[in-house]
Amino acid sequence: MRTSRAVIGATSLALAATSVLASTATSATADEVTPAPTASVADNRGLSASSSDAARTSQARVVREAAESPVSGTPLTMPSAYPYQPQLQLYRDNPSDASKPAQLLGHPDLAPKLEELMAKSDRISVQVVGQSTQGRDLYLVTLTAPETSAETARQAAWKTKIKDDPTAAAKDTLLQAQYKTPVWISNNIHGNEWEGTDAAMQYIEYLATAPLSEVGSILRNNRLYFSPSLNPDGRTNATRATALGLDPNRDMITNATAETKSYIRSVQAIQPIYTADFHGYTGVLQIEPCGPPHGTNYEYDLSIPHNYALALKVEQDVVAAAIPGNPLTSAGGIAIPYRDDQEGGWDDFPPVFSAQYSAFFGAATSTVELPLGRAGAGGTQTPERAKVNTAVALQTMKSIVGYMNDPTSAKEMLSNQIETFRRAQSEEPKKQLTVSGVSSVPGPTQWRPLWDTLDDQEPLVLPNAYVIPRGAGQRSESDAAALVKQLLFHDIEVDRLTSATTVGAKTYPAGSYVVDLDQPMRGLANSLLDLGDDISDTVPQLYADGAWSYSYLWGATVDKVGVVTDGPIGASTPVSAPTSNYSVPATAGYATFDVAGVADFTALNALLEQDVPVSMLADGSAVVGSASAATAAEVAKTYDIDLEPATAADLEALDDATTKPLRDLKVAYVGTADDRIALTTLGFDDLTQVTAAGIQADASLLDGVDVLWIGSTFSTATAPVAKAAVQGLLDRGGALTGRGSAAFNAAKDFGLMAGTALTSAGSATALVSVDTPKGSVLEPYRQDTAYIYPATWFTDLGAGTTVQQTYSSKPMLAGHWRPSVPAGSPVGTVPTNGPAYAANNASVVSSETQRRTAGVKARSIVFGTSVFFRTNPKSLFSQAARGIFWAAPAAASRLSSPAGGSTTSPAQPSTPTQTTSPTQTTPAPSTVKAPSSLEVSTKVKRAKSRAAKKTVKVSIALSAASATPGSTVTLTRAGKTLAVVQVAADGTAVVKVKLRKGRYTLVASYAGTATVTGSTDTVKLRVR
Ligand SMILES: [Zn+2]
């Protein structure tokens, strides 16, 4: 049972109280509400209208709401003083809570306990840092000695200095002496790994209430952050996944879940020096560092000495504690993968895990695994085992904090974090840690003898920058915008070229995006954008993902340019959001847009949903008629689409046989959360999940369905009713589509395809190269890379089966994919599986089959690549959508060309869509607000003389279309005025200031006049 009716509680009340529109789903359950004490709404961050009773919410809506979760857009607001003690929303007790059988805390128990501790202690602070998919509050609890607002401001300034100005931080003795060590203990990200939560709550209570003689030093020297439960829905429902059905501890760089969005915002806000994420269960307690292969982009020499020493301290303490029932290894210790696993059993290769993500903040990190596995009914835990695990977790937390409260460790680990950020901004090449460098690494030395060649990091040549072109060189402007948004979410600095810039042989137009690797999050940026490494030969298997490059898998063209030691590639300014792609034709005529990226397909589906006639041309673009101009403009705005006037050639093509009038598709799918979320994201929202058994029981499930998408096994061998229903779907021209051998075999069963599907064995997780033959369905906005986990390829194809894409002759680009032999084969068996066997074979196949009714044909398309894997490869979402539209039946009627070939409908007066009519008679308001969104361009002039070298003359042009000439603009930094200038007749003002190298947040304040009220705008500036 997925659903909890108990979560409704105070959320609905609070929403009503603030006039936020509660959804119908929540208001319908008002009778179930348990009144909470007057909720102090202002204090409850992360409150959203998405709180829901999932039972009454469509799955598509849950997916959309998760995508719009409140923490996705903005960084967390941290307290301005400690303690910070808001009133929390209470949740009704849930009798079916899966934590109950083990006598563990349920999510509804957390708020009252935290309230109770806040009432009696000034050492505890609680923030709500988001909500789970089902609407449960996610808490961040801080234990520290009280701080005045001045002290908190100073700590915050130091945190910024460590990251943005590490050279100065390294010399700041006051910072080194008084910066409170941020330690973060998070728990329960896998919902059915419970006990970290209970241990954290016990430890929180101890720290909040114990005599200062015991905890005073810890609270003065540290900020201890606890996330009691990162996945309260899973906790309640006994699921590893979130309520969306995704594994959050593989979602750190995809962020399809509200829970990981909250995690990312938390790690940014905390900037931890050590973080542990508590899980279970591995038989004996396990704490990292990990074994090989090690992530290529980590500053391993800075993290491993203390990380391993800390693990040894935990081992020593846990063994000494002799917790009854706690199993130890045969050697009498706990498990430390770095020491105990040498063959790729527990690696830190991909940044998809919480601990491996946090490491990019210069933290030593660990995934901690508690010992005793679930032994209760229905996948729950038993009270006996829960008690042992909780005691082990509590001891582990105490040992971690003990280690971090040691002044020597704390100081060295802070220096390591500062050094991580310094290297990131140094423009120095990345040095990999290898055997030869081990003896010169400072800090604790216990790890040294264990490092061997298998541990050696892959060599890495960092580029100068990644450029995301705009204009003709960009495959998909919409995917480019989505990528920029994702990079900014991850605190990666993105700049925009202020003028056309030539790098090597290529010229990038102004407005192209630049991710210069001279930035604090260099390691993360490169990990996310680089191709990655082929590590098939290094280890026999990987624990999880082997490749994840945004540059190759998120649909946008991204160029890797130069080397890190090069200077800036050209004049640019930082961006806080991607440039909008939205535009509409000035005249309401026939219009067209590129259907290249995910948002384009979403927009296309939104048009079809609103019964707008749309035709797709052979080049993959879409055309809408003049009668739909207003709707099209609205959709273009919603999805940030560049809608252009259709050309004469577009209009001529409308009658071509290769042009397809599209219909609003009803899709039924067999599959997982991946299929559901990907199809929903693409805008296929008339979506039903089906199984063969389900259709067998109720054949009407396929009534009106245009497309069956198959993502997992679908066999109708023993389901004749289901078989007939699918035949019926095909007989009316419906399509069978899908991914993997499941879809191919289903297509075979229905006589749609002939051939054999082969699938990779072992841990095949890779970024691969693919070839698209001329005339392929996938030729428009072609993509040359794909993702497999696993790979499926199709051989011995029959006459009616067409190849739409193949694995290239050398498919392997990055990740892990070895030739393998079937399990149990005799020694010496020649492998028949691996990249070489997939090479040149079909990765995507299709067919078109004549049905019984004359003229009716059914189409099928099957992908052998992992198009929807963990919802990460956005580029493949678009391939799948293109395949679905190709295979699906066409609309009954065709969008016709306008009479006389004019692109503007003669019947409709041409109305400007973006400007207001000059004849408008509405009286102007007595005052208007000065524009607050300003175009900022900077020109940097480096001083020539040696003496002046430290400062750079920066001129900042502030232009505002309707700023009043003669009014003034004041430019301030941290409250200090830098300059006051007058707005010129052309609405611009130029400010010239001298600045040192560094990062600046400047505020431009426009003075008001009699008719214009003042406004401000914040400018982020980088001086190199
Ligand atoms: Zn886990």
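Residues numbered from 1 in each chain as written. Predicted model: local features only at pLDDT ≥ 70, side-chain atom pairs only at ≥ 80, totals over all residues. Heavy atoms only, no water.

Quick look at the overall build of the protein chain
- A tally of regular secondary structure across the protein chain gives 28 helices and 40 strands.
- For the protein chain, the exposed surface amounts to about 38800 Å²; the carbon and sulfur share of it is 53%. (Helix = DSSP H or I, 4+ residues; strand = E, 2+ residues; numbered from the N terminus. Areas by Shrake-Rupley, 256 points an atom, 1.4 Å probe, with all protein chains shown as cover.)

Points about the sheet that holds strand E1 (residues 124-131)
- Read across the open sheet, the 6 strands follow the order E1-E2-E4-E3-E5-E8; overall the sheet is mixed. Each of the sheet's edge strands pairs with one partner strand only, and the pair in question is E1 and strand E8 (364-370). Strand-to-strand twist of the sheet, defined as the mean angle between neighbouring strand axes without regard to direction, takes the value 20°.
- Contacting E1, strand E2 (137-143), strand E3 (181-187), strand E4 (222-227), strand E5 (274-280) and E8, helix H8 (residues 195-209) crosses the sheet at an angle of about 145° to E4.
- Relative to E3, helix H11 (residues 258-270) is tilted by about 165°, and along the sheet it contacts E1, E2, E3 and E4. (Pairing = 2+ DSSP bridges. Axes fitted to C-alpha atoms, helices over the stretch in contact; angles between N-to-C directions. Contact = heavy atoms within 4.5 Å.)

Side note on unusual backbone geometry
- Note the cis peptide between Tyr82 and Pro83, where omega equals 5°.
- By the secondary structure assignment, Pro83 is in the loop between helix H3 (59-67) and helix H4 (107-120).
- Along the chain, Pro292 connects to Pro293 via a cis peptide bond; the corresponding omega equals 0°.
- Looking at where Pro293 falls in the secondary structure, it is placed in strand E6 (residues 291-294).
- In the Ramachandran plot, Gln271 falls in the positive-phi region, its phi being about 50° despite a non-glycine side chain.
- Relative to the elements of secondary structure, Gln271 occurs in the loop between H11 and E5.
- The phi angle at Thr871 is positive, at roughly 60°, despite the residue not being glycine.
- Within the element layout of this structure, Thr871 appears in the loop between strand E31 (857-863) and helix H28 (874-887).

Overview of empty space enclosed by the protein
- Counted by the stated rule, this structure contains 11 cavities of 30 Å³ or more.
- Quantified by volume, the largest cavity comes out at close to 340 Å³.
- Together, 29 residues line the largest cavity, and Tyr298, Glu299, Ser303, Ala359 and Ala363 are the ones closest to its centre.
- Secondary-structure elements contributing two or more residues to the lining of the largest cavity are helix H12 (300-321), helix H14 (354-358), E8, helix H16 (407-424) and helix H18 (522-529). (1 Å grid on protein atoms, 1.4 Å probe; cavity = no way out; pocket = protein on both sides within 12 Å on 5 of 7 lines; lining within 4 Å. Points joined across faces, edges and corners; volume = space filled by probe spheres on them.)

A word on the pairing of strand E9 (residues 465-468)
- Burial along E9 is two-sided: Ala465 and Val467 facing one way and Tyr466 and Ile468 facing the other are all buried.
- Pairing analysis gives 3 bridges linking E9 to strand E14 (residues 559-561), with the strands arranged antiparallel. From the neighbouring strand, Ala465 faces E14, where its bridge partner is Val561.
- Strand direction decides the pairing type here: E9 and strand E13 (residues 513-516), joined by 4 bridges, are antiparallel. Bridge pairing in E13 links Ile468 to Tyr513. (Buried < 20%, exposed > 50% of the residue type's maximum accessible area, 1.4 Å probe, protein only.)

Some details on the pattern of salt bridges
- In this structure the tally under the stated criterion is 32 salt bridges.
- The partner of Asp301 in a salt bridge is Arg423, and the shortest N-O contact between them spans 2.9 Å. With Asp301 in helix H12 and Arg423 in helix H16, this pair connects stretches of sequence that are 122 residues apart.
- Residue classification places Asp301 among the buried positions, given a relative accessible area of 19%. (Salt bridge = Lys/Arg side-chain N within 4 Å of Asp/Glu carboxyl O.)

What to know about the coordination of the zinc ion
- Those protein atoms acting as donors to the zinc ion are His190 (ND1), Glu193 (OE) and His279 (ND1), and they sit at 2.0 to 2.1 Å.
- Taken in sequence order, the residues that donate to the zinc ion follow the motif H-x2-E-x85-H. Here Glu193 is found in the loop between E3 and H8, whereas its partner His279 is found in strand E5, with 86 residues between them in sequence.
- Take Glu193: its relative accessible area is 4%, and that puts it in the buried class.
- Classification of His279 by relative accessible area gives buried; the value is 2%. (Donors = N, O, S within 2.8 Å, 3.2 Å for Na, K, Ca; no water.)

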